[in-house]
There are 2 protein chains.
Amino acid sequence: MELHILDHRLRVTSITKSGLAHFTHPLIKLIFLRHRTRCKFFSMTETPENYTVVLDEEGFKELEASSQLQAEGSVWLPLNVLSDANASLGSQAVGVTKIAESVIAPLARQHVSVFMVSTYQTDFILVREKDLPVVVGTLEEFNIFREVGGESLLVRGHDIANGLHNNGKEAVPATLHPVLIPHNRFCVMSLDPDTLPSIATTLIDVLFYSGSPKQDEATSPSTDLDQIKFFSFSLIDGYVSLVMDTDAQRRFPADLLFTSSSGELWRMVRIGGQPLGFDECGIVAQISQPLADCDISAYYISTFSFDHALVPEEDIARVSDMLHKQRTDPTTG
Amino acid sequence: MELHILDHRLRVTSITKSGLAHFTHPLIKLIFLRHRTRCKFFSMTETPENYTVVLDEEGFKELEASSQLQAEGSVWLPLNVLSDANASLGSQAVGVTKIAESVIAPLARQHVSVFMVSTYQTDFILVREKDLPVVVGTLEEFNIFREVGGESLLVRGHDIANGLHNNGKEAVPATLHPVLIPHNRFCVMSLDPDTLPSIATTLIDVLFYSGSPKQDEATSPSTDLDQIKFFSFSLIDGYVSLVMDTDAQRRFPADLLFTSSSGELWRMVRIGGQPLGFDECGIVAQISQPLADCDISAYYISTFSFDHALVPEEDIARVSDMLHKQRTDPTTG
């Protein structure tokens, strides 16, 4: 398998709910007016807490400093695993599950914090730039390439692994964070980037105005805490990915957005009772490892405050049981 | 002929060029998300000086107070002349020319300031609410209706004109303002409001980002002062009108925007060397009267700083001569 260190230097930021209006101008430029920006990696996720915006340094320059904008201090680099088409992985699972044992677990053991951005197309594992030597030393089963200016340079073939792994540190038992399983059902979708203009007004409405009531509907904000507000849009290297619940999906034209042929719906597990911060390691491993054990697919989207795993609707009962057992009897986790 | 006092209470505002980014959120809502606002009258015009935004009080509420936003203090009411289909006007001219003698000149004589908003569909004559009694008393040849909640109420039939006209005030000779005739050619267009989403990204780009250079073109801002930056969008009672030069027009899909069957192009006369303010009367009359004498059609768009008349391309030489004569020998004006 190949691990690619992509040619994006990323910042992880958060915009407050009330501050969004002041960032509408740069955000719309980053989403819809690609000819006006050099930004190549942009992801924006609304959660009940805030908007998490992950973007490269070119994009970050567009965001004016403001008390409404919080930026994590580090530069993050996205890693991407390319499966070997010839290798039988012995698993049909997709998403973070597929890389749980090869990437997530080893990095957790080496105390490397990761920030996950799953999309329709692939899963990006963001690591801090300063952790890159440890990352390269740890992921021994990969040929590792660094992408620079459109070229892939071999950093290390797996035959010359330098043995940094298992460097003597003991894995610290991770805190088991509370989880929340909201009732909405999600889909993970994409669309031809050339048709993005066709959904512009709907997407703008959902992303920037969903907080304000419509004039033509009774103003009865949902007080049902079982429904989480979660909407994610990303435009990365020209590929569009959208994660939304079925309510939001109905607002988009059905003929433009597409999802995997199985048309699966996904349920969410939100991880964290208090905002998780960026320094704790092993949070993703904590959930991806048991999912891998059960061969359950999962998307995983980290945000500024919490982490979010999406698992197939039909597996949510099993996942819920598993998480419950993990929290009541940690030896099974 | 009928004069209708429309059921909109308008504010005339100006947003600075550098302040536009901070108003993008409410402006995009007013332009594209009609279901989220009660605003029914919205017009936005970019000029080299600033953005003039004319909108009703519902729309005005969306604009947060800011040092970048200037609002003229009055409430303005839009008047609209409905031509009697049976009356032969003896003129093929359209726009402000058609109402020069019946509306513009009498109001100027009564020292009523007007603010003009010509659109593809019609010409709105905005007058201050406090001037309404004088307006009604002055426009003696009209049946005057006030629209209230969808109904047209007769205010005064022309047979009971109350003689307020010719009230003894002498017409003050108006200042003759310098004029500028830029070289761009303009078109006045419309589109089906249901297709507005199809041009959303282009319209957003033109309205909100035209000040910043594109990444994919050499950054050589035009230094040709003969080309004026002027773009006007209005959404009034569900009707869309666009005024743009032929450079901007080429950026829109040709199949969605339509113009009059003659496909006429228009040249601009900008009136004013210094910002005109809102209190001087007779500025519109000064140009519409000679245009009416020559039977030359004209659109007329007032903005926060200057006034702008659009005349048919083939008439610009005549108009230019006429304006020049007016300025060198005022007795011919």
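Residues numbered from 1 in each chain as written. Chains lettered and ligands numbered in written order. Predicted model: local features only at pLDDT ≥ 70, side-chain atom pairs only at ≥ 80, totals over all residues. Heavy atoms only, no water.

S.K.: Please provide a residue-by-residue account of the UniProt feature "domain: CASTOR1 N-terminal" (unreviewed entry) in chain A, values included.
M.R.: In this structure's numbering, the residues bearing the UniProt feature "domain: CASTOR1 N-terminal" (unreviewed entry) are residues 9–68 of chain A. Structurally, residues 9–68 of chain A comprises 28% helix and 30% strand, and the distance from its first C-alpha atom to its last is 22 Å. (UniProt positions renumbered as here; feature names shortened; annotations may be inferred. Helix = DSSP H or I, 4+ residues; strand = E, 2+ residues; numbered from the N terminus.)

S.K.: So what's going on with the nonpolar core? Residues and values would help.
M.R.: Soluble globular proteins tend to bury their nonpolar side chains together. Membership of the largest hydrophobic core comes to 78 residues, with the highest contact counts inside it found for A:Leu27, A:Leu203, A:Phe233, B:Leu27, B:Leu203 and B:Phe233. With sequence-adjacent residues up to four places away left out, B:Leu27 is seen in contact with B:Ile15, B:Leu20, B:Phe42, B:Met44, B:Val53, B:Leu63 and B:Phe208. (Core = buried A, V, L, I, M, F, W, Y, C linked by side-chain atoms within 4.5 Å. Buried < 20%, exposed > 50% of the residue type's maximum accessible area, 1.4 Å probe, protein only. Contact = heavy atoms within 4.5 Å.)

S.K.: An account of helix 1 (residues 20–32) of chain A is needed here, citing residue identities and associated values.
M.R.: Residue and element names in this part refer to chain A. When the terminal C-alpha atoms of helix 1 are compared, their 17 Å separation across 13 residues agrees well with the 18 Å that a helix rising 1.5 Å per residue should span. The sharpest bend along helix 1 comes to roughly 40 degrees, located at Pro 26. By the criterion of burial, helix 1 is predominantly enclosed, with eleven of the 13 residues buried. Those residues of helix 1 that sit buried are Leu 20, Phe 23, Thr 24, His 25, Pro 26, Leu 27, Ile 28, Lys 29, Leu 30, Ile 31 and Phe 32. (Expected span 1.5 Å × (residues − 1). Bend = angle between axes of the 7 residues up to and from the residue.)

S.K.: Pulling in residues and values, what's your account of unusual backbone geometry?
M.R.: If a residue is not glycine, its phi is most likely negative; likewise, a peptide bond is most likely trans. Notably, A:Asp237 is not glycine yet its phi reads approximately 50 degrees, a positive angle. Position of A:Asp237 among the secondary structure elements: in the loop between strand 13 (231–236) and strand 14 (239–245).

S.K.: Residues and numbers for the packing of helix 7 (residues 283–294) of chain A against helix 8 (residues 316–328) of chain A, please.
M.R.: All names here are of chain A. The geometry of helix 7 relative to helix 8 is characterised by a closest axis approach of 11 Å and an angle of 125 degrees between their N-to-C directions. Overall, the two elements helix 7 and helix 8 adopt an arrangement that is oblique. Considering how the two elements wind past one another, helix 7 and helix 8 form a crossing that is right-handed. Residue-level contacts link Gln 286, Ile 287, Pro 290, Leu 291 and Cys 294 of helix 7 to Arg 318, Val 319, Met 322, Leu 323, Gln 326 and Arg 327 of helix 8. A per-class count over the contact of helix 7 with helix 8 returns seven nonpolar, two polar and two charged. (Axes fitted to C-alpha atoms, helices over the stretch in contact; angles between N-to-C directions. Parallel < 35°, antiparallel > 145°, perpendicular 65-115°, else oblique. Left-handed = near helix turned anticlockwise from the far one by under 90°. Nonpolar A, V, L, I, M, F, W, Y, C, P; charged D, E, K, R; others polar.)

S.K.: Before we move on, can you summarise the pairing of strand 7 (residues 114–118) of chain B with the specific residues and values?
M.R.: Residues and elements named next belong to chain B. Burial analysis of strand 7 places five of its five residues in the buried class, the great majority of the element. Burial along strand 7 is two-sided: Val 114, Met 116 and Ser 118 facing one way and Phe 115 and Val 117 facing the other are all buried. Relative to strand 8 (residues 123–128), strand 7 runs antiparallel, the two being bridged by five bridges. Note on strand 8: the bridge partner recorded for Val 117 is Phe 124. In this antiparallel pair of consecutive strands, strand 7 and strand 8, the connection spans four residues. (Pairing = 2+ DSSP bridges.)

S.K.: Provide a residue-level description of the relation of the copies chain B and chain A, including the pertinent values.
M.R.: It takes a turn of 180 degrees to lay chain B on chain A, together with a shift of 0.0 Å along the axis; the resulting RMSD is 0.0 Å. Given the turn and translation reported, the copies of this chain are related as if by a two-fold rotation axis. Of the residues that chain B buries at the interface, 100% are likewise interface residues in chain A, meaning the two copies contact each other through the same surface. (Least-squares fit on C-alpha atoms with pLDDT ≥ 70 in both.)

S.K.: Pulling in residues and values, what's your account of the packing of helix 1 of chain A against helix 5 (residues 200–209) of chain B?
M.R.: It is the contact of helix 1 of chain A with helix 5 of chain B, at a shortest axis distance of 11 Å, that shows an interaxial angle of 135 degrees. One finds that helix 1 of chain A runs oblique with respect to helix 5 of chain B. When the axes of helix 1 of chain A and helix 5 of chain B are compared, the crossing they make is left-handed. Residues A:Thr24, A:His25, A:Pro26, A:Ile28, A:Lys29 and A:Phe32 of helix 1 of chain A touch helix 5 of chain B, and the partners they reach there are B:Thr201, B:Ile204, B:Phe208 and B:Tyr209. Among the residues forming the contact of helix 1 of chain A with helix 5 of chain B, the class breakdown is six nonpolar, three polar and one charged.

S.K.: So what about the interface of chain B and chain A? Which residues, and what values?
M.R.: Frequently, the measure chosen for interface size is the accessible area removed from exposure when the parts meet. Of the residues lining the interface, 28 residues belong to chain B; the matching set on chain A comes to 28 residues. Carbon and sulfur atoms supply 55% of the area buried between chain B and chain A, which totals about 2,600 Å² over both sides. Remark: the boundary between chain B and chain A carries two salt bridges. With a closest N to O distance of 2.4 Å, A:Arg36 and B:Asp205 form a salt bridge. Here chain B is connected to chain A by twelve residue pairs in polar contact (both at pLDDT 80 or more). The greatest single-element share of the side of chain B that touches chain A, amounting to eight residues, is contributed by helix 1 (residues 20–32) of chain B. (Buried area = accessible area lost by both parts, 1.4 Å probe. Salt bridge = Lys/Arg side-chain N within 4 Å of Asp/Glu carboxyl O. Polar contact = N/O pair within 3.5 Å; in protein donor to acceptor, adjacent residues only side chain to side chain.)

S.K.: Any chance you could break down helix 8 of chain A for me, citing the residues and the numbers?
M.R.: All names here are of chain A. Between its terminal C-alpha atoms helix 8 stretches 18 Å, which fits the 18 Å expected from 13 residues at 1.5 Å a residue. Of the positions making up helix 8, those classed as buried are Ile 316, Val 319, Met 322, Leu 323 and Gln 326. Along helix 8, the residues classed as buried sweep out an arc of 125 degrees about the axis, all on the same side. Exposed residues on helix 8 whose side chains face more than 90 degrees from its buried face are Ala 317, His 324, Lys 325 and Thr 328. Along its buried surface, helix 8 packs onto strand 11 (179–180), strand 15 (266–271), helix 7 and strand 17 (307–312). (Arc of directions from axis to C-beta.)

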